[in-house]
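# Working through the structure, step by step
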Amino acid sequence: MTTTYARRAARLAAGTALTTAIAIGSATVAHADYYDGGMPGRSWNVKAVGINDTWVGFLDTGRKNWNNAGAGANIGRTSGAKAEFTAGRYSQSWYGVYSPSGFRHINRVFKIKINARTLDRDSGSHMTEWCRSTATHELGHGLSLDDNPNTSRVSLMKHSRNRTTIQKPQPYDVSEVKRIYS
């Protein structure tokens, strides 16, 4: 009985070690840029909620930036969409927040909030550029891109980017969206 138990325990330990090795091995291959809060595909709709035409323009610019980037994105804007984009003057220090809900392949939706107060405070004379950069960045999360990718290449998803000049998806961002959804 003890020998049988020892053999089973050894097999279990070996199986656990193999599973752990596979998990560790695959973790080194995975890219740090994938965000599991993204949408299940590259085509989806979003609606503008409680914002004026200026902010709708920033949303539309962000959508067009992705749709024209060559990443295969098709982001539409319809009033019946469940995903939402809004802006306001929030007391927190962030520029934008992407909040997903639901299950990725079943009922995933999101809410994007843009913080006009912080953007106004920090952008100087470049408010328009910073708003475009932020809107496009937040939509990038819907395309499963994470913040601060582990790359030395220029990326719209880096918090340290120059928001005045980087308002569109960069080649690295485009290649990551293609990789994620291939």
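Now for a look at the structure at hand. (Residues numbered from 1 in each chain as written. Predicted model: local features only at pLDDT ≥ 70, side-chain atom pairs only at ≥ 80, totals over all residues. Heavy atoms only, no water.)

### Quick look at the overall build of the chain
- Along its length, the chain carries 5 helices and 5 strands.
- For the chain, the residues scored as buried account for 41% of the 182 residues in total.
- In the chain, the proportion of contacts linking residues at least 24 apart, taken out of those at least 6 apart, comes to 69%.
- Total accessible area on the chain stands at roughly 9900 Å², and carbon and sulfur atoms take up 53% of it. (Helix = DSSP H or I, 4+ residues; strand = E, 2+ residues; numbered from the N terminus. Buried < 20%, exposed > 50% of the residue type's maximum accessible area, 1.4 Å probe, protein only. Contact = heavy atoms within 4.5 Å. Areas by Shrake-Rupley, 256 points an atom, 1.4 Å probe, with all protein chains shown as cover.)

### A look at the nonpolar core
- Trp55, Trp66, Phe85 and Phe110 are the most contacted members of the largest nonpolar core, which totals 36 residues.
- Of all the secondary-structure elements, those providing two or more residues to this core are strand S1 (43–48), helix H2 (53–67), strand S3 (83–88), strand S5 (109–115), helix H3 (116–122), helix H4 (127–142) and helix H5 (171–180).
- Among the elements that make up this core, the one with the highest residue count is H2 (5 residues).
- Dropping the residues within four chain positions of it, Trp55 is found in contact with Phe85, Ala87, Ile114, Ala116, Leu119, Met127 and Cys131. (Core = buried A, V, L, I, M, F, W, Y, C linked by side-chain atoms within 4.5 Å.)

### A look at the sheet that holds S5
- With mixed pairing, 5 strands are arranged side by side in an open sheet as S2-S1-S3-S5-S4. At either margin of the open sheet sits one strand with a lone partner, and together these are strand S2 (74–77) and strand S4 (96–101). This sheet shows a mean twist of 25° between the axes of neighbouring strands, independent of strand direction.
- Running at roughly 160° to S2, H2 makes contact with S1, S2, S3 and S5 of the sheet.
- The sheet contacts of H4 involve S1, S3, S4 and S5, and relative to S4 the element is tilted by about 20°. (Pairing = 2+ DSSP bridges. Axes fitted to C-alpha atoms, helices over the stretch in contact; angles between N-to-C directions.)

### A word on the pairing of S2
- Two strands pair when backbone bridges link them, and S1 and S2 are joined in this way by 4 bridges, in the parallel orientation. Bridge pairing links Val46 to Arg77 in S2.
- As for the winding sense of the linkage, the β-α-β connection from S1 through H2 to S2 is right-handed. (Right-handed = clockwise from strand over helix to strand, strands pointing away.)

### Quick look at the packing of aromatic side chains
- Enumeration over the complete set of coordinates arrives at 6 aromatic pairs.
- Ring geometry for Tyr35 versus Tyr98: centroids 5.8 Å apart, planes at 75°, classification edge-to-face. Residue Tyr35 is found in the loop between helix H1 (2–29) and S1, and its partner Tyr98 is found in strand S4; the two are separated by 63 residues along the sequence. Tyr98 carries the same exposure label as Tyr35, and that label is buried.
- With centroids separated by 5.1 Å and ring planes inclined at 35°, the aromatic side chains of Tyr90 and Trp94 adopt a geometry described as tilted.
- In textbook terms, an aromatic cluster arises when at least three aromatic residues are bridged by ring pairs, as seen for Tyr35, Trp44, Tyr98 and Phe110.
- One residue, Arg163, lies across the ring of Trp130, its end atom 5.7 Å from the ring centre. (Phe/Tyr/Trp six-rings, centres within 6.5 Å; stacked < 30°, edge-to-face > 60°. Lys NZ or Arg CZ within 6 Å of the ring centre and 35° of its normal.)

### Topic: the pattern of salt bridges
- Evaluation of the coordinates by the stated rule reveals 5 salt bridges.
- In this structure, Asp120 engages Arg89 in a salt bridge whose closest nitrogen and oxygen atoms are separated by 3.9 Å. Linking Asp120 in helix H3 with Arg89 in the loop between S3 and S4, this pair joins segments that are 31 residues apart in sequence.
- What makes Arg89 exposed here is its relative accessible area of 56%.
- Via salt bridges that share partners, Asp60, Arg63 and Arg77 belong to a single interconnected network. (Salt bridge = Lys/Arg side-chain N within 4 Å of Asp/Glu carboxyl O.)

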